[in-house]
Amino acid sequence: MKQVLIDCDPGIDDALAIVLAHGSPALEIVGITTVGGNVPLERTTGNALALREYLGFPKIPVVPGCAGPLLRAPIDAADVHGHSGLGDARLPPPALPPSPGHAVDHIVDTLRGAPGEITLVAIGPLTNVALAVRREPRVVEWARELVILGGSWTRGNKTPAAEFNMAADPEAAAIVFAAGWTVTMIGLDVTRSALATGAVVDRMRTMGPLGADLLVPCVESYGMVTADEGPAVHDACAVAYLIDPSLVRVEPAVVEIETAGRLTSGMSVVDFDLAGRTPNALVGTSLDAPRFWELVLATYAEVAAG
Ligand code: BDR
Ligand code: CA
């Protein structure tokens, strides 16, 4: 079983990723750290706490981190995720508070406590992870693996060039990619195949309260669902990769993040040709969508069955 520390900004697809991680027998969530991103930090933290209690793992720490990017003014994605961050889903308000401390310290301490054992999966802007690297450069050795949801080697979603998590804090992303570990980058090129179509939502409708309270309202408020189309459940792809790496084809590359571009700020510049350079990333290039949904829906059904 892989132990995973999830850094996130829930976020509809973050929520879908957390349900997947919670339900998978291949993963054990050892902590959740939050960052401001899709909605402000107070709400991403509140949503993580609400999910923790709704799903029933109240003893796992939820630790808030950075409210905004390293250098820039915050941007958000409330237009996509709703004011609450969880679209039309309505979970009971959490009874328990977050853990004391700061996400950056929690990341450093968790990785230090079990060198080589903990996988860090970052599905929001990379502010907390960058500061963890800056505070303690040895985290790059201690992490078993870093998998991020972000970037793209074709086109963006926040801007034509940049994916949201990279656009939100390009300086942080640049620090993370330059830190000396191999970053597994699951980006839009992969996630755009993971569409929650009508058939997917129909399966979610059979999942009792989990479907009715969380999955269906999340997906239906995330994007238009038709027979062939639906919103891409980005963050869930990073977690699915951890559960079954054969779902995503990855290729070695050198990835650098543009921080100075007038039109390209936050762009992940991906060089697959390498030309003698040592790769710093494994970049997702395609997803086996039918097998992805088989895994995700079977795992959700297990969670729904309790
Ligand atoms: C990423 O941006 C956020 O809005 C999502 O939660 C996901 O992490 C996709 O570009
Ligand atoms: Ca996210």
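This text gives an overview of the structure that appears in the document. The shown structure was predicted, so the numbers you read here are calculated from the model rather than taken from an experiment.

Observations concerning the site of ligand 1
Right, on to step 1. In the vicinity of ligand 1 there are 15 residues, among which Gly11, Asp13, Ala77, Phe164 and His234 approach most closely.
Right, on to step 2. Taken together, the elements giving at least two residues each to the shell around ligand 1 come down to helix H1 (12-23), helix H7 (164-168) and helix H12 (234-243).
Right, on to step 3. In terms of residue class, the shell around ligand 1 is made up of 5 nonpolar, 6 polar and 4 charged.

Side note on the pairing of strand S6 (residues 183-186)
Side-chain positions along a regular strand alternate between the two faces of the sheet.
Right, on to step 1. Of the two faces of S6, the one carrying Val183 and Met185 and the one carrying Thr184 and Ile186 are both buried.
Right, on to step 2. Two elements, strand S5 (residues 145-149) and S6, share 4 bridges in a ladder whose sense is parallel. Across the sheet, the residue bridging to Val147 is Thr184, located in S6.
Right, on to step 3. Pairing between S6 and strand S9 (residues 281-287): 3 bridges, direction parallel. Bridge pairing links Met185 to Val283 in S9.

Overview of the pairing of strand S7 (residues 248-257)
Right, on to step 1. Where S7 lies against S9, 6 bridges are found, and the strand directions are antiparallel. The residue of S9 that forms the bridge with Ala253 is Ala281.
Right, on to step 2. Pairing of S7 with strand S8 (residues 268-271) involves 4 bridges; the strand directions are antiparallel. Counted as the bridge partner of Ile257 is Ser268 from S8.

Structural notes on the environment of Gly116
Right, on to step 1. Along the polypeptide, Gly116 turns up in the loop between helix H4 (103-113) and strand S4 (118-122).
Right, on to step 2. Judged by local crowding, Gly116 falls into the exposed class, with 10 C-beta atoms found within 10 Å.
Right, on to step 3. Non-local contacts of Gly116, meaning those with residues more than four positions away in its chain, are made with Trp142 and Arg144.

A short note on the nonpolar core
Right, on to step 1. With 105 residues, the main nonpolar core has Cys237, Ala238 and Ala240 as its most contacted residues.
Right, on to step 2. Those residues in contact with Ala238 that sit more than four places away from it in its chain are Ala17, Val121, Ile123, Val147, Ile148, Leu149 and Ile186.

Definitions and limits used
Residue numbers here run from 1 along each chain, matching the order of that chain's written sequence. Numbering of ligands from 1 and lettering of chains from A proceed in the order in which they are written. For a predicted model such as this one, the threshold for reporting local features is a pLDDT of at least 70, and the threshold for listing and counting side-chain atom pairs is 80 or more; totals across whole chains, interfaces and linings nevertheless cover every residue. Being near a molecule or strand means, for a residue, that its C-beta atom, positioned from the backbone, comes within 6 Å of it. Only runs of H or I of at least four residues qualify as helices and only runs of E of at least two qualify as strands under DSSP, and these elements are numbered from the N terminus. Gly is placed with the polar residues, together with every amino acid not listed as nonpolar (Ala, Val, Leu, Ile, Met, Phe, Trp, Tyr, Cys and Pro) or charged (Asp, Glu, Lys and Arg). Labels follow a simple rule on C-beta atoms placed from the backbone: if 20 or more others lie within 10 Å of a residue's own, it is buried; if 12 or fewer, it is exposed; otherwise it is partly exposed. Two strands form a pair only when DSSP identifies at least two bridges running between them. In this description, any two residues whose backbone-derived C-beta atoms lie within 7 Å of each other are considered to be in contact. What we call a nonpolar core is a set of buried Ala, Val, Leu, Ile, Met, Phe, Trp, Tyr and Cys residues whose membership is set by joining through C-beta atoms within 7 Å.

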